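# Observations on the three-dimensional arrangement
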Amino acid sequence: MEKLPKGGLFALIIVIVVLITLFKSAVTIDSGEAGVLFETFGEGVVTDKPPMGEGFHLVAPWNKVYVYEVRQQELFEKMKVLSSNGLEIQIDASAWYEPVYDQLGNLHQSLGQGYLQRVIQPAIRSAARSVIGRYTPDDLYGDKRDAIQDEIYVETKIILDKQYVQLNEILIRDITLPKTIKDAIERKLNQEQESLEYEFRLVTAEKEAEKVIIEAKGKAESNRILSASLTDKILQDKGIDATIKLSQSPNSKVIVIGSGDSGLPLILGNQ
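In short, a report on the structure.

Reading the values: rules and limits
Residues numbered from 1 in each chain as written. Predicted model: local features only at pLDDT ≥ 70, side-chain atom pairs only at ≥ 80, totals over all residues. Heavy atoms only, no water. Helix = DSSP H or I, 4+ residues; strand = E, 2+ residues; numbered from the N terminus. Buried < 20%, exposed > 50% of the residue type's maximum accessible area, 1.4 Å probe, protein only. Contact = heavy atoms within 4.5 Å. Expected span 1.5 Å × (residues − 1). Arc of directions from axis to C-beta. Pairing = 2+ DSSP bridges. Salt bridge = Lys/Arg side-chain N within 4 Å of Asp/Glu carboxyl O. Axes fitted to C-alpha atoms, helices over the stretch in contact; angles between N-to-C directions. Core = buried A, V, L, I, M, F, W, Y, C linked by side-chain atoms within 4.5 Å. Phe/Tyr/Trp six-rings, centres within 6.5 Å; stacked < 30°, edge-to-face > 60°.

## Quick notes on the side chain of His108
Considering the arrangement of structural elements, one finds His108 in helix H2 (residues 104–110). You can call His108 buried: its relative accessible area is 13%. Dropping the residues within four chain positions of it, His108 is found in contact with Val36, Val45, Tyr66, Tyr68 and Gln113.

## Describing helix H5 (residues 145–160)
Taking 1.5 Å per residue, 16 residues should reach 22 Å; H5 reaches 22 Å between its end C-alpha atoms and fits that length. Within H5, burial applies to Ile148, Gln149, Ile152, Thr156 and Leu160. The buried residues of H5 occupy one face: seen down the axis, they fall within an arc of 100°. Summarising the geometry of H5, the exposed residues directed more than 90 degrees from the buried face are Asp146 and Ile158. Its buried side turned inward, H5 meets helix H3 (115–132), helix H4 (137–141) and strand E8 (165–176).

## Some words on the sheet that holds strand E5 (residues 64–69)
Across the sheet, which stays open at both edges, the three strands sit in the order E3-E2-E5 with antiparallel pairing between neighbours. Of all strands in the sheet, those bounded by a partner on one side alone are strand E3 (44–45) and E5.

## Things to note about the environment of Ala147
With respect to the element layout, Ala147 can be found in helix H5. For Ala147, a relative accessible area of 34% translates into the label partly exposed. On a C-alpha basis, the gap between Ala147 and Val131 in space is 9.9 Å, while along the polypeptide they are 16 residues apart.

## A short note on the pattern of salt bridges
For the coordinates displayed, the defined rule picks out seven salt bridges. Between Glu155 and Arg134 there is a salt bridge; the shortest N-O distance is 3.0 Å. Of this pair, Glu155 sits in helix H5 while Arg134 sits in the loop between H3 and H4, and the two are 21 residues apart along the sequence. Members of the salt-bridge network, linked through shared partners, are Arg134, Glu151 and Glu155.

## Thoughts on the sheet that holds E8
If you walk across this open sheet you meet the three strands as E6-E7-E8, and the pairing is antiparallel. Since the sheet does not close on itself, it has two edges, and those belong to strand E6 (73–82) and E8, each with one partner. Going across the sheet, the axis of each strand differs from the next one's by a mean of 25°, ignoring polarity. In this sheet, E8 lies alongside strand E7 (residues 88–99) in antiparallel orientation, the contact comprising 10 bridges. Within E8, the position partnered with Asp92 by the bridge is Asp174. Its contacts with the sheet put H3 on E6, E7 and E8, and the angle it makes with E6 is roughly 40°.

## Notes on the nonpolar core
Ranked by internal contacts, the top residues of the largest apolar core, which has 37 residues, are Ile91, Tyr97, Tyr115, Ile120, Leu140 and Ile152. Put simply, the parts of the chain that give this core at least two residues each are strand E2 (33–39), E6, E7, H2, H3, H5 and E8. Here this core takes 10 residues from H3, the largest share from any one element. Not counting residues within four places of it along the chain, the set of residues in contact with Tyr115 comprises Tyr68, Glu69, Gln73, Tyr97, Pro99, Leu107, Ile120 and Val165. Counting residues in each nonpolar core, the second largest holds six residues, with Ile29, Leu37, Val46 and Met52 among its members.

## Some details on the packing of aromatic side chains
Summed over all chains, the structure comprises three aromatic pairs. Pairing Tyr97 with Tyr115 gives two aromatic rings, centres 6.3 Å apart and planes at 80°, and the pair type is edge-to-face. Within this pair, whereas Tyr97 is found in strand E7, its partner Tyr115 is found in helix H3, the two being separated by 18 residues in sequence. Here Tyr97 matches Tyr115 in class, with each residue buried. Within the aromatic cluster, the residues linked to one another by ring pairs are Tyr68, Tyr97 and Tyr115.

See below:
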């Protein structure tokens, strides 16, 4: 077996070293990710430059790159908190968050890649306890869920804004009350609904009664005015008109209206 010449062996070693160096220096950042550069012989984490974006990068082999997902992420949380009257309430919530891209170096330096457990979860839990503690179970079961959700979001965001994390949304997916409390609230709501329906029927009946009274008064006033306006002459004229119309009927025979000027009955009839 032939031995490589010394020059060839040295060249081979150089090639191997170069390949290892390139392998260790090559960094690929995938879609939706960014890299934070750590300079071993420099000042450590690079915070005064933007993070490394998607694609292929070459770095010094003695430096390190820490890759972060910078897309919006979702955190699911189940929390047990106390209401204002001390009852234990379970809340199912989710948070939409993402690291602040331009501050990724500061995030890595202050919190590291475990920032979810170190700051986001404690912030959400603290805000949820604070907000729920201001409400009763009736409020949680009623129409204040949106307000509670907004308050938890605001209080959590105040904390995370100082931690290089952007909070996009807090969603309350479910609020679970103790069964005895839930049943009591439902009974109370049913009683309130029945009471409202009864009051509605009473109001409707009162309005119907008022309507009947108003109509009766109107008819009575109309009759009074009509009676006051009817004289004997008007009544006689109306009677004559009615009798003439009746005499024109094919079934009419002889009709006596009264006496004419001669004192004899005035008789109309058809032939």
